[in-house]
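If you want the building blocks of each chain, they are given just below.
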Amino acid sequence: MSHSLKGPVAPLSPVLLAGMAMRPLPYGLIQPLFNKAIAQMHQQHPDVFDRLIPLGSPRFLIDPIDLPFSFIMDTRPTAPSLTLLDKQKDERTQNIQASIRGPLLLLIELLEGRIDGDALFFSRDLVVEGDTEAVLGLRNAVDGADINVHTDLLHIFGPLARPVDGAAQLAGRLFNRFSKDLNTLSQATLAPLQRKCDAQAASLAEMEDTITTLKKQLRRRSGKSA
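Residues numbered from 1 in each chain as written. Predicted model: local features only at pLDDT ≥ 70, side-chain atom pairs only at ≥ 80, totals over all residues. Heavy atoms only, no water.

**Student:** Explain the overall build of the protein chain to me, please; I cannot follow it from the model alone.
**Tutor:** Scanning the protein chain from N- to C-terminus turns up eight helices and five strands. Residue burial in the protein chain is summarised as follows: out of 226 residues, 33% are buried. Long-range contacts, defined here as pairs at least 24 residues apart, represent 66% of the contacts in the protein chain between residues at least 6 apart. Put simply, the protein chain shows about 14300 Å² of open surface, and 58% of that area lies on carbon and sulfur atoms. (Helix = DSSP H or I, 4+ residues; strand = E, 2+ residues; numbered from the N terminus. Buried < 20%, exposed > 50% of the residue type's maximum accessible area, 1.4 Å probe, protein only. Contact = heavy atoms within 4.5 Å. Areas by Shrake-Rupley, 256 points an atom, 1.4 Å probe, with all protein chains shown as cover.)

**Student:** Quick question: what am I supposed to make of helix α6 (residues 132-143) here?
**Tutor:** Owing to its 3.6 residues per turn, the α-helix brings residues three or four apart onto one side. With twelve residues, α6 ought to run about 16 Å at 1.5 Å a step, and its terminal C-alpha atoms sit 16 Å apart, in line with that. Within the span of α6, buried status applies to A134, V135, G137, L138, R139, A141 and V142. (Expected span 1.5 Å × (residues − 1).)

**Student:** I would appreciate a short explanation of the sheet that holds strand β1 (residues 59-64) in the present structure.
**Tutor:** Strand pairing in a sheet relies on backbone hydrogen bonds, with the paired strands running either antiparallel or parallel. The sheet built from five strands is open, its strands ordered β3-β2-β1-β4-β5 with mixed pairing. If you trace the sheet from one side to the other, it starts and ends with β3 (81-86) and β5 (127-130), each paired once. In this sheet, neighbouring strand axes are inclined to one another by 20° on average, regardless of whether the strands run parallel or antiparallel. Along the sheet, helix α2 (residues 27-44) contacts β2 (69-74) and β3; its crossing angle with β3, the most-contacted strand, is approximately 155°. (Pairing = 2+ DSSP bridges. Axes fitted to C-alpha atoms, helices over the stretch in contact; angles between N-to-C directions.)

**Student:** Mind showing me how you'd approach unusual backbone geometry here?
**Tutor:** Most peptide bonds take the trans form, and the phi angle of most residues other than glycine is negative. One non-glycine residue, S57, adopts positive backbone phi at about 45°. Note that S57 resides in the loop between α3 (46-50) and β1. Overall, the relative accessible area of 11% leaves S57 in the buried class.

**Student:** Whenever I open this one, the packing of aromatic side chains confuses me. Can you help?
**Tutor:** When we look at a pair of aromatic rings, we describe it by the centre distance and by the angle of the planes. Throughout the structure, instances matching the rule amount to three aromatic pairs. Arranged with centres 6.2 Å apart and planes meeting at 70°, the rings of F34 and F69 form a pair that is edge-to-face. Separated by 35 residues along the polypeptide, F34 in helix α2 and F69 in strand β2 bring together distant segments of the chain. Like F69, F34 is buried. Ring geometry for F34 against F71: centres 5.0 Å apart, planes inclined by 55°, an arrangement best described as tilted. In this pair, F34 sits in helix α2 while F71 sits in strand β2, placing the two residues 37 residues apart along the sequence. One aromatic cluster is present, formed by F34, F69 and F71 through successive ring pairs. (Phe/Tyr/Trp six-rings, centres within 6.5 Å; stacked < 30°, edge-to-face > 60°.)

The structure is reproduced here in structure tokens:
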């Protein structure tokens, strides 16, 4: 498992912009949604929590880097919880066993077992700190649980699940289109900067070659003088 002192950089995405828009919202209004979400996950996938009991039912800091808040996930089967934390203010992280940081969509894909966690850790798109055994235990538990965040959360809405699903699918299509537009904008904005960086790198390489050549000439002259 990879550890890194530098955290991943939040990508320019609809998630990042939505997070900025959510910043002024009182967390007391949002917390009940996550209470229902963790209760639903426990109901649908109790084996995930049971498999973590031999590890002491660890507590994890889950930090989506493109949102203004993070979560503390308590995995005790008797009282699982997903508590929001303000990254700028809250310091209730002293009793966690491990933390996982990365973009929200990658964290969801990791939870659903749709991507290779090891590949992400080595690429530093995700950063893990703390008890490596606890993180491995969590990953192994969710890998075999067949979790689908979209489907699982729909159960929360009961008889309203179908219209909510329709709205979510529409939002998903808009999200994908907006993501492509932001990616195009990002590339157009960064392209001139990248060209400048490439030109500077080429200039530095040329200077290094010149300095190396001069050093060789000086050594040869020094040898002849001796």
